[in-house]
Amino acid sequence: MSRSRCNVLICTGGGCVASGALELSAAMRAAVQKRGLDGEVQIFETGCLGPCAAGPVAVIHPDGILYQNLKPADAERIAEEHLLRGRVVKDLAYERRPDGMEALGLREIPFFRRQEKIVLRNCGLIDPLKIEEYIARDGYGALAKVLTEMSPAQVTEEVKQSGLRGRGGAGFSTGMKWWLWREAHGTEKYTLCNADEGDPGAFMDRSVLEGDPHSLIEAMTIAGYAIGSSQGYVYVRAEYPLAVERLTRAIGHARERGLLGKNIMGSTHSFDLEIRMGSGAFVCGEETALMTSIEGNRGEPRPRPPFPAFKGLWNKPSLLNNVETYAAIPSIILKGASWYASMGTAKSKGTKVFALAGAVKNTGLVEIPIGMQLGELVFDIGGGMREGKTFKAAQIGGPSGGCIPRHHLNVPVDYESLVELGAIMGSGGLIVMDEDTCMVDISRFFLEFVQDESCGKCTPCRVGTRRMLEILDRICEGRGQEGDIERLVDLGHTIKDTALCGLGQTAPNPVLSAIRHFREEFVEHIRDHKCRAGVCPELVRAPCQNACPAGVDVPGFVSLIGEKRFDEALTLHRERNPLAAVCSRVCFHPCESKCRRSTLDDPLSIRSLKRYMVEQEKELNLPPMPADGENAKRKVAVVGAGPAGLSCAYFLARLGYRPTIFEAASEPGGMLVQAIPAYRLPRDILRREIGMIEKLGVQIRTNQSLGRDFTLSSMKEMGFEAVFIAVGAPKGASMGMTGEDAPGVTEAIDFLRQYNLTGKVPVGKNVVVVGGGNAAIDAARTALRLGAGSVTVAYRRTRAEMPAYREEVEEAEREGVKFQFLATPVELQQEKGKLAAVKMRRMGLGDFDRSGRRRPVADPQGDFMMPADQLIAAVGQTLQPNEIFNGVSLKLNDHEFIAVNPVNGQASEEWVFAGGDAVSGPSSVIEAIAAGEKAAVGMHAFLAGKGDIPWRAPRIVDTFFDPDADPVMGTRPGLKLIPVSRRKGFAEVETTWSAGVALAEAKRCLRCDYRE
Amino acid sequence: MPSLTIDHKTISVADGTSLLEAARQAGIHVPSLCYLKKVQAIGSCRVCLMEVEGARSLMASCVTPAFEGMKVHTNSARVRAARKTVVELILSDHDGDCQTCDRNGDCELQAVARDLGIREITYAGSMSVRRKDTSTPALVRNTAKCILCRRCVTVCGQTQGVAAIFPQKRGFQSVIGPAFTSDLADVVCVQCGQCAAVCPVGAIGENDETAKAWAAIDDPKKTVVVQTAPAIRAAIGECFGLPPGTLVTGKMVTALRLMGFDKVFDTNFSADLTIMEEGTELLTRLKKALVDKEAVPLPLLTSCSPGWIRYAEHFYPEILPNISTCKSPQQMFGAVAKTYYAEKIGKKAEDVFVVSVMPCTAKKYEAQRPEMTASGVRDVDVVLTTRELGRMIRQGGIDFPNLPDGAMDSILGASSGAADIFANTGGVMEAALRTVYEIVTRRQLPFDNLHVAPIAGLTGVKEAAVKIEGTVREWSFLEGVTLKVAVAHGLGNARLLIERMKGGEHYHFVEVMTCPGGCIGGGGQPRLTTDDVRRARIAAIYKEDEGKPIRKSHDNPEVAAIYQEFLKKPLGEKSHHLLHTRYTARERV
């Protein structure tokens, strides 16, 4: 490049052009000219730089500053500040240091730092329309080397040694291919380039064509030399007009300079190139279909053999590689096979370009050494998930590929490893999906794509994929049938085994891989008519309601609040969840994270609205009850008065039963009363709601412990016909460390239970709480309130991985709880028989574990001491089945909790049902409530046969809604909390909104439930 | 000669043999649908799948060449399951109204489903394009039954070079049909029916007019006469399970009589008439060219085959002047039946109802051409294909194979052997040469048993040269002339021949038949017409010819009588009016 002081590189890849790069370029030229900087500042229009979602982007060298999302108006500021005064315009910079102050240089930006650009070596650096710039970057050097120093056999050998494999998807050894084709008989051979990039979302070939067309021309000329061919065709899709234009001009420039045509560089090698436009059929990416299309026929694959090495285009031997494969060739020739082979894995060498898309922060084109872990690609280069969502799966390989779930984030991205997991490298489309993606729907999307793109020639692809699509359609619409999953699998495998070409043989992959890794989502769609991601419209009345484990009619009660019909709102709420007041305080509100309002401004504050609603309840509203009938005479029992047990009893009562609850503790409420501190859930609120359930005819007998005071067998003797076990997971897990039983070491649930039931518990001066869940935070805040001098929560991962609710963590911090992340206790030190200090070990984050989080890895060099006279362990809870079920053996699940039928909560003994933490392990209140309802319905079916469940019938709320009105704009009001200074005792931290705030908030609901 | 193992049998096959043919050679039955020997091997239906050891997926055996040492399984569990699923998928998008289908009992899909033991459609679902095209007089296409095997596409595009139909749209919506999914009548379809002849199912067939024929028979006011083309007698037996090439002329005559036709006549009669007219036309043109030095169009091209006529009108309008103005034998018959014969029996033309039985679907089209009303009314009222006649004989409860032989009625029933061979490629030319040579030299055509061997057989384009020596005085200008003739069958071959002529090759007389093998391979013949079937039918026709006491058209006494009593002379005024026609250059849409 020139000797100017500053170079401004404006990306004019297809993406940036679409978002206004050309206008930006013009504005930048004008701004530079206006300031008389023409002499010292040069502006270049380059090919694609990669971070397409941030486009238009520009880089200013030599500072290496990347600006993003530029509008033409920004040109003035950049010229004035950066180009004239040398000051970075921070707010336009692509990425800044975590402190937000300083812009990161190009090489420091994580998106670029871990990339290795070979194929994209010139993209974003040179002007694709200037052959001089390509030559200046060693362009056509490889061709010169080949023509002057190497025999065709040597060229082929070099490519073979490099380990380069076809980047179009199948991954056949490129060198081997050239070797075979060189051997093919015939004087007339064709060198073809597949630039019919068709995978949804993949655009690396376009990027090379647009940003570095000469690298393709050079590589094809080299290939022609290697196999003995003097004519090449580039088959470009017609949807790439910019690519066609730039390639056409580049071919012209190459011809002018004698780099294409007769006797190139004075050698005996003659080679010329022509462009053929594809007509937009995905199947034309299949090699035989591509050749058929170039011949001018309907683009359909033909059977192989004969293979194109013998009979290809016009029945002549024809070598076909894709753009990305060719683009690696010049570097391999210039730098040598061993240099290229030094990157990658044993079987997959070099680099691969991926089109990173989906729910990841940094989307765009990235080129990485093959073998990088998927997790690194997603989290380091991709910057992790957007909006704090969780990673669910990565779809790799487009419509022929598959998805990789989060417990395989460690998979090295190479050909073999991906195939093992049911995906393929493909052409490098990589779509990152979060929890909002329905795996049934996404597999349907891909199948719909191939179904549309099938050429219709062979039966399995033409009819078979259609049948698969129809099955998926009905599953998504809630009409799935028993056996549909098996039908999809069987048909999918048959199609793979019988279809004519690659398109059909891989078409079922996305579906098969989704079933393989996400079978339970398919089951939920078919069996429960549930789409957990909230995507399938027929299964999702409103995303919030869908997200609620108990299925509370959120838009219903919210809109009733908006009309001040509080009693109706509460009654509607209690149709599905009796513990409205409890949940208004402690629910982790999954509804809010799915609120569609968040796409407009902020999600609705549903829990706070609920809080406002329950505060309006003057007298207890009891739900409609059936008159005493046959059911009242049946003896049913519930063991455990926690949220699951209370919910089950409530719903049983609403069906006319009069259940008895046996509770081991002195007070009903389970974890609600034993573990959740009163500053979160005042006890009078809890008692009032339990009282409501008792008023329905539920009898609660406290101090009755299963296994101690009675057994399952004795219940049977007492005449109970059905029993619901909801004993929770009451036992804190051990840390597995020596000295755990020393004085001063306690378990969080024991600690909380002791205080909550007895009103007192010993608290140390320096308290260390180990763990990152809600129990840890509850224990920490309780200890602080009980007078601990310092409370530190030690967690082995980082804040981002903490399972505790974010609001709780934030409040704990505000109250003075300290956090020690990436640390875990390894040794307890005692002095005079008392705990004195904890030896902590520093942790780092390593591989990804099955939950998709990075695994903590110990760093023994970093051990340090924390003074502590009390250690509270909150590292998990267990069920202790042996103590409870003496006599009767209930089957347990893989996690050593009670195994039940997920539909009705029935355990392995037909009269025994179970739910809540005893089944799921430590979980949320709302999930326990949902399990109680499910079991109540299951018990009713068991006792009385199937009957109508009144609260499950769909109902219409008659609140007013004008679907044509524009949404009323307004931001989400914050929580109303008492100041930290007033949080000394166990007074409730959160208070209620004013009527004005609540009613306005209720009106923000978009009423996704509304149907004409 | 690769040697391979199929189901533990080791066999050697010729280079390039497909696995399907290899297995069949080994005596293994392999189901297939899209494959058509020597016509189409595209591997699209995926029914003939086989398991090749070492191959990742199953292979369509029709397109997989046999290689040395291959180990192939045609009956593994994997193969059986896959074939079954594939056929179930085909059935899931096929209107399976078998009981009311033309192909009931004669359907390749039905047979394959039966052989594979299919009892349910595991993957039922929506149906793709349903469209019935009845726009042409000859053919009915019903996409609801189409299984997209593409045999029709290949015969139309490659064998015939017409390409009226091809795959449209993509994926499940793929449909075979004319461009822009228009009607057959809107494109250049010559209505030869070769598509119908190869269709494995009931998706393409003739426009069934049996009801019209029955109605006429049942109408007491009508004198219903039937003419049967020469190709019928060598094929109609196949409708009743007789092997191809079984001659059943006598049984056919008896059956027609039993059905209730008032007179059973023979298109052979008008074939002889055609030779008289066309032979004279040829000699007249030769005389004008050689003696009068007029620029008459030569070579003369035959005009018996209506598909060929339509093809020439659309694709080669510049050669229309070369085509003989003679109507086809079918139309000559209609014209004289409603004039000469009607007069004889004292009826008006409109009271004589002419039914033709033809091996051809294009004949249905031909009968409806506006020119074909020389008698004042439509000369031919209903054209039935061989298949339709077979259907009617069944409907009539007639035990065809056991019928006694009957004889054709007079006065339009007598024929020579020369008329018989109109049924196959080279036959019209041979018949013409037998008469022309004898007219010119008063001697018999100097070929063994009167057969012009070079123009017989299934070679696509054939040529012969006949040196004329010892002419009578009247035709002495032909003395020493070597008459060069050429024959093409199948429109693809016709195109080759025309292009050859355009390239400078000179002939005097050229025979073109639309269908491969000639009329015996016509689009209305019993399915399925393969080359073996063609050869058998041709052999039967030659046998019929050789068995006739009269072998030359000009020796036909009834032909002599019609000239004497009615037409006076070939190319005379009455002939001109009744037996000759004209052609129209048409757009190539």
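Because the structure is a prediction, the values reported are computed rather than measured.

Notes on helix α30 (residues 683-695) of chain A
All names here are of chain A.
Phase 1 of the analysis: Between its first and last C-alpha, α30 extends 18 Å over 13 residues, near the 18 Å set by a 1.5 Å rise per residue.
Phase 2 of the analysis: Listed as buried for α30 are R683, I685, L686, E689, I690, G691, M692 and I693.
Phase 3 of the analysis: Backbone geometry just after α30 places G697 at a positive phi near 100°.

Remarks on the packing of helix α17 (residues 439-453) of chain A against helix α21 (residues 509-528) of chain A
Residues and elements named next belong to chain A.
Phase 1 of the analysis: Contact geometry of α17 with α21 gives a least axis separation of 8 Å together with a crossing angle of 140°. It follows from the interaxial angle that α17 and α21 lie oblique. Here the hand of the crossing between α17 and α21 comes out left-handed. When α17 is examined against α21, the residues M439, V440, S443, F446 and L447 are found in contact with a partner set consisting of P510, V511, A514, F518, E521, F522 and H525.

As for the nonpolar core
Phase 1 of the analysis: In terms of nonpolar packing, the biggest core is built from 78 residues, with F557(A), I561(A) and F724(A) touching the most fellow members.
Phase 2 of the analysis: Grouped together as the second largest cluster of nonpolar side chains are 67 residues, L9(A), L37(A), A103(A) and V411(A) included.

As for the packing of aromatic side chains
Phase 1 of the analysis: Taken as a whole and assessed by the stated rule, the structure comprises 30 aromatic pairs over all chains.
Phase 2 of the analysis: Residues F240(B) and F400(B) carry aromatic rings whose centres are separated by 4.7 Å and whose planes lie at 15° to one another, so their mutual orientation is stacked. Of this pair, F240(B) sits in the loop between β11 (223-228) and α7 (249-259) while F400(B) is found in the loop between α12 (386-395) and α13 (417-420), placing the two residues 160 residues apart along the sequence.
Phase 3 of the analysis: A network of ring pairs unites the aromatic residues Y94(A), F111(A) and F112(A) as a single cluster.
Phase 4 of the analysis: A cation over an aromatic ring shows up here: K352(A) above the ring of F354(A), its NZ or CZ 5.6 Å from the ring centre.
Phase 5 of the analysis: Sitting above the plane of the F819(A) ring, R799(A) keeps its charged end 5.8 Å from the centroid.

Thoughts on the interface of chain A and chain B
Phase 1 of the analysis: On the chain B side, the residues contacting the 32 residues of chain A number 36 residues.
Phase 2 of the analysis: Carbon and sulfur atoms make up 52% of the surface buried where chain A meets chain B, a total of about 2700 Å² over both sides.
Phase 3 of the analysis: Looking at the side of chain A facing chain B, the largest losses of area belong to R462(A), R467(A) and D497(A), adding up to 22% of the total buried there.
Phase 4 of the analysis: At the surface where chain A touches chain B, the tally comes to 3 salt bridges.
Phase 5 of the analysis: Between E300(A) and R150(B) there is a salt bridge whose closest N-O contact spans 2.5 Å.
Phase 6 of the analysis: Our count for the contact surface shared by chain A and chain B stands at 17 residue pairs in polar contact (both at pLDDT 80 or more).
Phase 7 of the analysis: Elements that contribute at least two residues to the side of chain A that touches chain B include exactly α17, α18 (459-476) and α19 (484-498) of chain A.
Phase 8 of the analysis: Here the side of chain A that touches chain B gets 8 residues from one element, more than from any other, and that element is α18(A).
Phase 9 of the analysis: A class-by-class count of the residues in the side of chain A that touches chain B yields 10 nonpolar, 9 polar and 13 charged.

Some remarks on the sheet that holds strand β4 (residues 65-67) of chain A
Residue and element names in this part refer to chain A.
Phase 1 of the analysis: Pairing in this open sheet of 4 strands is mixed, and the strands run β2-β1-β3-β4 from one edge to the other. Looking at the sheet topology across the chains shown, the edges are occupied by β2 (41-46) and β4. Strand-to-strand, the axes of this sheet are offset by a mean angle of 20°, without reference to chain direction.
Phase 2 of the analysis: For strand β1 (residues 6-11) and strand β3 (residues 58-61), the ladder comprises 4 bridges, and the chain directions are antiparallel. Within β3, the position partnered with V8 by the bridge is I60.
Phase 3 of the analysis: Set on the sheet, helix α2 (residues 21-34) makes contact with β1 and β2; between it and β2 the angle comes to about 170°.

Analysis parameters
- Residues numbered from 1 in each chain as written.
- Chains lettered and ligands numbered in written order.
- Predicted model: local features only at pLDDT ≥ 70, side-chain atom pairs only at ≥ 80, totals over all residues.
- Heavy atoms only, no water.
- Helix = DSSP H or I, 4+ residues; strand = E, 2+ residues; numbered from the N terminus.
- Expected span 1.5 Å × (residues − 1).
- Buried < 20%, exposed > 50% of the residue type's maximum accessible area, 1.4 Å probe, protein only.
- Axes fitted to C-alpha atoms, helices over the stretch in contact; angles between N-to-C directions.
- Parallel < 35°, antiparallel > 145°, perpendicular 65-115°, else oblique.
- Left-handed = near helix turned anticlockwise from the far one by under 90°.
- Contact = heavy atoms within 4.5 Å.
- Core = buried A, V, L, I, M, F, W, Y, C linked by side-chain atoms within 4.5 Å.
- Phe/Tyr/Trp six-rings, centres within 6.5 Å; stacked < 30°, edge-to-face > 60°.
- Lys NZ or Arg CZ within 6 Å of the ring centre and 35° of its normal.
- Buried area = accessible area lost by both parts, 1.4 Å probe.
- Salt bridge = Lys/Arg side-chain N within 4 Å of Asp/Glu carboxyl O.
- Polar contact = N/O pair within 3.5 Å; in protein donor to acceptor, adjacent residues only side chain to side chain.
- Nonpolar A, V, L, I, M, F, W, Y, C, P; charged D, E, K, R; others polar.
- Pairing = 2+ DSSP bridges.

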